[in-house]
Amino acid sequence: MSAVKGPKPSRREKAAANRERMILAAKEAFAEQGYAGTRMTDIAERAGVAVQTLYFVFHTKPELLEACYEYSVLGPEKLPPPLQAFWQEMRRARSGRGVLAAFARGNVLITGRTAVVDEAAKAARHEPEVLRVRTNSEALRRVGYREVITLLAEKGWLRRGLDADTATDEMLVLGSPSTYLELQGYGWSDDRIAGWLGDLLGARLL
């Protein structure tokens, strides 16, 4: 008796799967070879697609880099951070410590996915298009972190005398992909990094 076959994936599902495979191949290549050292043909080969297909979907290498950032931030939920589970935890938290603990856990997940992409982009920031992509990514990160600071301020949990810009700057440094990679390089687990980040932000901001 033959196995029952499920429905065939639609054209849209196939296109999405191919796009994801190309992004994952690009992330691997950027991590191993750096942005400048990676050719579109290298990525296409890893992804198992023709280089013409890669160019048809992403047009340029900077556009593919931007897609890598976006894919890493959205994560397996394929949702922007404000719609992800950790953000809902922040909004339900009953204390500033609770907000920052939830933020730290979510931030570690996102930085863990974006760190290799960000390192590759930083190393190639002399290229104007790469600089534009990374600058845009950092601007979006600032907007998101500022919303966390606004939530703390609205609840009356932000430390008196600490202005929102300074608080956001501190979060950007402490919660950055480079800080994550430094601690990971020392052998820290994600749970340990999240605990450290939540405690340190609590001491600095509340």
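Source: prediction; values computed, not measured.

**Structural notes on the pattern of salt bridges**
Turning to step 1, where the next piece is worked out: Tallying each qualifying case throughout the model produces 13 salt bridges.
Turning to step 2, where the next piece is worked out: A salt bridge links Asp169 to Arg142; the shortest N-O distance between them is 2.8 Å. Separated by 27 residues along the polypeptide, Asp169 in helix H8 (residues 164-174) and Arg142 in helix H7 (residues 128-154) bring together distant segments of the chain.
Turning to step 3, where the next piece is worked out: Owing to a relative accessible area of 35%, Asp169 belongs among the partly exposed residues under this scheme.

**Quick look at unusual backbone geometry**
Most of the time, phi is negative for any residue but glycine, and the peptide bond is trans.
Turning to step 1, where the next piece is worked out: Positive phi outside glycine occurs at His59, with the angle close to 70°.
Turning to step 2, where the next piece is worked out: For His59, a relative accessible area of 48% puts it in the partly exposed group.
Turning to step 3, where the next piece is worked out: Unusually for a residue other than glycine, Lys78 sits at a positive phi of about 55°.

**A word on the packing of helix H1 (residues 11-33) against helix H4 (residues 61-74)**
Turning to step 1, where the next piece is worked out: At their nearest, the axes of H1 and H4 sit 9 Å apart, and the two run at 100° to each other. With respect to each other, H1 and H4 are oriented roughly perpendicular. Residues Arg19, Glu20, Ile23, Leu24, Ala26, Lys27 and Phe30 of H1 lie in contact with H4, whose contacting residues are Lys61, Leu64, Leu65, Ala67, Cys68, Tyr71 and Ser72.
Turning to step 2, where the next piece is worked out: Classifying every residue of the contact of H1 with H4 by side-chain character gives nine nonpolar, one polar and four charged.

**Remarks on the confidence of the model for the protein chain**
Turning to step 1, where the next piece is worked out: Looking at the protein chain as a whole, its pLDDT mean stands at 94, while 97% of the residues score no less than 70.
Turning to step 2, where the next piece is worked out: The least confident element of the protein chain, judged by mean pLDDT, is H1 at 92; the most confident is helix H10 (residues 190-205) at 98.

**Some remarks on the environment of Ala16**
Turning to step 1, where the next piece is worked out: One can find Ala16 in helix H1.
Turning to step 2, where the next piece is worked out: Separated by 90 residues in the primary sequence, Ala16 and Gly106 have C-alpha atoms spaced 25 Å apart.

**Section: the environment of Ala115**
Turning to step 1, where the next piece is worked out: Among the structural elements, Ala115 can be located in helix H6 (residues 96-123).
Turning to step 2, where the next piece is worked out: Looking at Ala115, the relative accessible area reads 1%, which means it is buried.
Turning to step 3, where the next piece is worked out: The sequence separation of Ala115 and Asp163 amounts to 48 residues, and the corresponding C-alpha distance is 28 Å.
Turning to step 4, where the next piece is worked out: With sequence-adjacent residues up to four places away left out, Ala115 is seen in contact with Pro177, Tyr180 and Leu181.

Reading the values: the criteria
Every chain begins its residue count from 1, and numbering advances along the sequence as written. Given that the model is predicted, a residue must reach a pLDDT of at least 70 before its local features are reported, and side-chain atom pairs must reach 80 or more before they are shown or counted; all residues, however, enter totals for whole chains, interfaces and linings. Excluding hydrogens and water, the side-chain values take into account all heavy atoms of the structure. Between Lys or Arg on one side and Asp or Glu on the other, a salt bridge is scored when a side-chain nitrogen of the former is within 4 Å of a carboxyl oxygen of the latter. Helix and strand labels come from DSSP, where a helix needs a run of H or I of at least four residues and a strand needs a run of E of at least two; each type is numbered from the N terminus. Each residue is assigned to one of three classes by its accessible area relative to the maximum for its type, calculated with a 1.4 Å probe on protein chains only: buried under 20%, partly exposed between the two thresholds, exposed over 50%. Lines fitted to C-alpha atoms define the axes, with helix axes restricted to the stretch in contact, and inter-axis angles between N-to-C directions lie between 0 and 180 degrees. An angle below 35 degrees is read as roughly parallel, one above 145 as roughly antiparallel, one from 65 to 115 as roughly perpendicular, and any other as oblique. In what follows, a contact means two residues having at least one pair of non-hydrogen atoms within 4.5 Å. Residue polarity follows a fixed list, in which Ala, Val, Leu, Ile, Met, Phe, Trp, Tyr, Cys and Pro are nonpolar, Asp, Glu, Lys and Arg are charged, and the others, Gly among them, are polar. pLDDT is a per-residue confidence score from the predictor, ranging from 0 to 100.

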